[in-house]
Amino acid sequence: MKKEIAFIGLGKMGAGIVRQLLEHKWKVLGYNRSQDIVKALKREGMVPMHSFAEIKSMKTPRLVWLMLPAGKTVDEILFSTSGILPHLDRGDIVIDGGNSFYKDSIARDKKLAKRGIRFIDVGFSGGPGGARRGGCLMIGGDQKAFRAVEQIFRDVSLSDGYRFFSGAGAGHFVKMIHNGIEYGMMQAIGEGFEILKKSKFKLNLTKVAEIYNRGSVIESRLVGWLKSAFDEYGEELKPISSTVGHTGEGEWTAKTARELKVPAKIIEGSFQFRVRSKKNPSYTGKVVSALRGQFGGHSVKK
């Protein structure tokens, strides 16, 4: 397949991926509702796409990557009369690289397959930094479609940083569970550091984070990001909100665990903590929010 792609959704993740693709000599036709980033990426070599009809100008089989918020926006772009479907032909490939619910991905695959259009679902981990410098990709869908476009995943992942899992929705399923695990890990760090903060020892929490990240069993990027947050905001994390945002994946993981009759008390509890955090301020909430801001670029200030 020619290194040509239509890329829809140029937010903090999409823009980073597009920059990687341009550096790997891909021709990128980019679309975004907000035009500021379109203008910026045009200066870096991207071809602005003003209408989805411009997809027709691409050589077949065409490749389209969606990097959109989960939910109805994806369906609108895919299936509405003003979306991309009227401009696609049999054999074209659509990649959904957002955090879509895996059951939605299964349904979209079935709907697109009726038109002969192939679908690949990609869970992309690594936040905006990974999008820009190479991420961790969990890929689902049809293996033949994956093999046809495997080069694009090499180009936007870390070295050896992608894996294929057969079946529509499998990539988004693996990423959903990843995010549920992430909820639990962040919650444990938050709770632990609140206990440290309230102890009688008047501990320097920055030094605690530093030593935890020097060969300990819990050494991790998350602990490193907490140390960075302390450096940026101070150990009290005063500018940081204790209300913790949640975007679906933790809740989906908890619901899926119940469907499969798998006890998931840690993941369920961490999700419920986020729901309750709006009315129950705590230092644990500040820590979890600070971590979200560090690795995901989420808005976490008061």
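The rules behind these values
- Residues numbered from 1 in each chain as written.
- Predicted model: local features only at pLDDT ≥ 70, side-chain atom pairs only at ≥ 80, totals over all residues.
- Heavy atoms only, no water.
- Salt bridge = Lys/Arg side-chain N within 4 Å of Asp/Glu carboxyl O.
- Helix = DSSP H or I, 4+ residues; strand = E, 2+ residues; numbered from the N terminus.
- Buried < 20%, exposed > 50% of the residue type's maximum accessible area, 1.4 Å probe, protein only.
- Expected span 1.5 Å × (residues − 1).
- Contact = heavy atoms within 4.5 Å.
- Phe/Tyr/Trp six-rings, centres within 6.5 Å; stacked < 30°, edge-to-face > 60°.
- Axes fitted to C-alpha atoms, helices over the stretch in contact; angles between N-to-C directions.
- Parallel < 35°, antiparallel > 145°, perpendicular 65-115°, else oblique.
- Nonpolar A, V, L, I, M, F, W, Y, C, P; charged D, E, K, R; others polar.

Q: Any chance you could explain the pattern of salt bridges here in plain terms?
A: Pairing of side chains with opposite charge becomes possible as their charged atoms draw close. Per the stated rule, a full pass over the model turns up 19 salt bridges. Put simply, Glu23 and Arg132 hold a salt bridge, and the shortest N to O gap is 2.5 Å. With Glu23 in helix H1 (residues 14-23) and Arg132 in helix H5 (residues 127-133), the pair connects residues that are 109 residues apart, well separated along the chain. With a relative accessible area of 28%, Arg132 lands in the partly exposed category. Here Lys227 and Glu210 are joined by a salt bridge, their closest N and O atoms 3.6 Å apart. With Lys227 in helix H10 (residues 221-233) and Glu210 in helix H9 (residues 205-212), this pair connects stretches of sequence that are 17 residues apart. One salt-bridge network, held together by shared partners, links Lys56, Arg62, Asp89 and Asp92.

Q: For this particular structure, what's the right way to read helix H13 (residues 283-296)?
A: Because an α-helix completes one turn every 3.6 residues, residues spaced three or four positions apart along the sequence face the same direction. Counted at 1.5 Å a residue, the expected span for H13 with its 14 residues is 20 Å, and the 20 Å between its end C-alpha atoms agrees. Of all 14 residues in H13, 12 are buried, a share of seventy percent or more. Along H13, the residues classified as buried are Tyr283, Thr284, Gly285, Lys286, Val287, Val288, Ser289, Ala290, Leu291, Arg292, Phe295 and Gly296. Of the surrounding secondary structure, the elements contacted by the buried residues of H13 are H5, helix H8 (170-198), H9, H10 and helix H12 (265-276).

Q: Even after reading the chapter, I still don't get unusual backbone geometry, so can you show me in this structure?
A: Residues other than glycine predominantly adopt negative phi, and peptide bonds predominantly adopt the trans conformation. Residue Pro61 follows Thr60 across a cis peptide bond; omega there is -5°. Of note, Leu237 is a non-glycine position whose phi angle comes to about 50°, a positive value. Mapped onto the secondary structure, Leu237 falls in the loop between H10 and helix H11 (249-259).

Q: How should I be thinking about the packing of aromatic side chains in this particular structure?
A: Here a ring pair, both rings aromatic, is described through the centre-centre distance and the interplanar angle of the planes. Using the criterion set out here, one finds 12 aromatic pairs in the structure. With 5.6 Å between their ring centres and 20° between their planes, Phe7 and Trp65 make a pair best called stacked. Taken as a pair, Phe7 in strand S1 (residues 4-8) and Trp65 in strand S4 (residues 63-66) lie far apart in primary sequence, 58 residues in all. For Phe7, a relative accessible area of 0% translates into the label buried.

Q: Can you help me understand the environment of Pro281 in this one?
A: Among the secondary structure elements, Pro281 is positioned in the loop between H12 and H13. Judged by relative accessible area, which is 63%, Pro281 ranks as exposed. Once the C-alpha coordinates of Pro281 and Asp231 are considered, the two residues, 50 residues apart in sequence, prove to be 22 Å apart.

Q: Sorry, what's going on with the packing of H8 against H11 here?
A: Each pair of packed helices can be described by the angle between their axes along with the distance between the axes. Where H8 meets H11, the axes come as close as 8 Å, and the angle between the chain directions of the two elements is 105°. The orientation of H8 with respect to H11, classified from their angle, is roughly perpendicular. Packed against H8, whose contacting residues are Phe173, Met176, Ile177, Asn179, Gly180 and Tyr183, the element H11 presents Glu249, Gly250, Trp252, Thr253 and Thr256 at the interface. Across the contact of H8 with H11, the residue classes break down as 5 nonpolar, 5 polar and 1 charged.

Q: Mind showing me how you'd approach the environment of Lys227 here?
A: The class of Lys227 is partly exposed, set by a relative accessible area of 23%. Each C-alpha atom, one on Lys227 and one on Phe119, is 40 Å from the other, the two residues being 108 residues apart in sequence. In this structure Lys227 touches Thr206, Ala209 and Glu210, once residues within four positions along its chain are discounted.

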